[in-house]
Amino acid sequence: QVQLVESGGGLVQAGGSLRLSCAASERTFRSYAVGWFRQAPGKEREFVAAISWSATNTAYADSVKGRFTISRDNAKNTVYLQMNSLKAEDTAVYYCAADLWGWGTPKSNDYESWGQGTQVTVSS
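Definitions and cut-offs
- Here, residues in each chain are numbered from 1, in the same order as that chain's written sequence.
- Totals for whole chains, interfaces and linings use every residue, but because this is a predicted model, local features are given only for residues with pLDDT of at least 70 and side-chain atom pairs only at 80 or more, for both listing and counting.
- Note that the side-chain values use all heavy atoms of the structure and ignore hydrogens as well as water.
- Within this document, salt bridges are pairs made up of a side-chain nitrogen of Lys or Arg and a carboxyl oxygen of Asp or Glu, the two lying within 4 Å of each other.
- Starting at the N terminus, helices and strands are each numbered in turn, a helix being any DSSP run of H or I of at least four residues and a strand any DSSP run of E of at least two.
- Each residue's exposure class comes from its accessible area (1.4 Å probe, protein chains only) as a fraction of the maximum for that residue type: buried when under 20%, exposed when over 50%, partly exposed otherwise.
- Pairing between strands is defined by DSSP: at least two bridges between them are needed.
- Axes here refer to lines fitted to C-alpha atoms; in helices the fit is confined to the stretch in contact. Angles between the N-to-C directions go from 0 to 180 degrees.
- By nonpolar core is meant a set of buried Ala, Val, Leu, Ile, Met, Phe, Trp, Tyr and Cys residues that side-chain atoms within 4.5 Å join together.
- Stacked, tilted and edge-to-face pairs are distinguished by plane angle, under 30 degrees for stacked and over 60 for edge-to-face with tilted covering the rest, among Phe, Tyr and Trp rings (Trp via its six-membered ring) whose centres lie within 6.5 Å.
- Two conditions define a charge sitting above a ring: the NZ of Lys or the CZ of Arg must be within 6 Å of the ring centre, and it must be within 35 degrees of the ring normal.
- Cysteine sulfur pairs qualify as disulfides if the two atoms are within 2.5 Å.

Visitor: What am I meant to see in the pattern of salt bridges here?
Guide: Side chains that differ in charge, positive against negative, can pair when their charged atoms come close. Within this structure, the stated rule accounts for 4 salt bridges. For the salt bridge of Asp-90 with Arg-38, the shortest nitrogen-to-oxygen distance reads 2.9 Å. Of this pair, Asp-90 sits in the loop between β8 (78-83) and β9 (92-100) while Arg-38 sits in strand β4 (residues 32-39); the two residues are 52 residues apart in sequence, bridging distant segments of the chain. Arg-38 sits in the buried class, given a relative accessible area of 5%. For Arg-67, the salt bridge is made with Asp-90, and the minimal N-O distance between the two is 2.7 Å. You can see Arg-67 sitting in the loop between β6 (58-60) and β7 (68-73) and its partner Asp-90 sitting in the loop between β8 and β9, a full 23 residues away along the chain. Taking the relative accessible area as the measure of exposure, Asp-90 reaches 1% and is therefore buried. The network of salt bridges with common partners includes Arg-38, Glu-46, Arg-67 and Asp-90.

What follows is the structure, encoded as structure tokens:
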């Protein structure tokens, strides 16, 4: 397992942008697929985006396609989620999760390690 720390959340107006980061201290982080999930108050956790360990595969939820971009910088042990054209319905706590040698599955149960989450609030 790896220890994950999310950052970059905050308050932004609708139409604005934020970039979330998911960092790990372990060098083995480059061997993990990373997924971003979010949970809004009163709702179930949902898949947002994922990137494979090799960065050759990415996946997105339909609700964020064309607006969010996931990427990774293995030299910095960090995965990013660039969020543009934010909407009020994107408001949630965002979590990153890691899956050893994963391809970027949207299934949360396939991820072994989870961060504590970072709050994203979009005002309309």
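Visitor: Just to check I follow, could you spell out the sheet that holds strand β3 (residues 18-24) for this structure?
Guide: Think of a sheet as strands paired side by side through backbone hydrogen bonds, with each pair either parallel or antiparallel. Pairing within the open sheet is antiparallel, and its 4 strands lie in the order β1-β3-β8-β7. Each having just a single partner strand, β1 (4-7) and β7 make up the two edges of the open sheet. Along the sheet, successive strands turn relative to each other by an average axial angle of 15 degrees, direction set aside. As paired elements, β3 and β8 share 6 bridges and run antiparallel to each other. Paired with Arg-19 across the two strands is Gln-82, which belongs to β8.

Visitor: What's the story with the nonpolar core in this structure? I'm lost.
Guide: Considering soluble globular proteins, one finds that nonpolar side chains tend to be buried as a cluster. Ranked by internal contacts, the top residues of the largest apolar core, which has 35 residues, are Trp-36, Leu-81, Met-83 and Tyr-94. Counting only elements with at least two residues in this core, the list comes to β3, β4, β5 (46-51), β7, β8, β9 and β11 (118-123).

Visitor: Help me out: how do you make sense of the packing of aromatic side chains in this one?
Guide: The geometry of an aromatic ring pair is captured by two quantities: the separation of the ring centres and the angle between the planes. Counted under the stated rule, the structure contains 5 aromatic pairs. When the centroid spacing of 5.0 Å and the interplanar angle of 85 degrees are considered together, the rings of Trp-53 and Trp-101 count as edge-to-face. Of the two residues, Trp-53 sits in the loop between β5 and β6 while Trp-101 sits in the loop between β9 and β10 (113-114), which places them 48 residues apart along the sequence. Under the relative-accessibility criterion, Trp-101 is labelled exposed at 52%. Between the NZ or CZ atom of Arg-45 and the centre of the ring of Trp-114, over which it lies, the distance is 4.1 Å. Against the face of Phe-29 rests Arg-72, its NZ or CZ located 5.6 Å from the ring centre.

Visitor: Looking at this structure, I do not really get the state of the cysteines. What am I missing?
Guide: One covalent bond between the sulfur atoms of two cysteine residues makes up a disulfide. Under the counting rule described, the total for this entry stands at 1 disulfide. Between the sulfur atoms of Cys-22 and its disulfide partner Cys-96 the distance amounts to 2.1 Å. In this structure the cystine formed by Cys-22 and Cys-96 twists about its S-S bond by roughly 70 degrees; its chirality is therefore right-handed. Here the residue Cys-22 occupies a position in strand β3, and Cys-96 occupies one in strand β9, the gap between them amounting to 74 residues. Both residues of the pair, Cys-22 and Cys-96, belong to the buried class.

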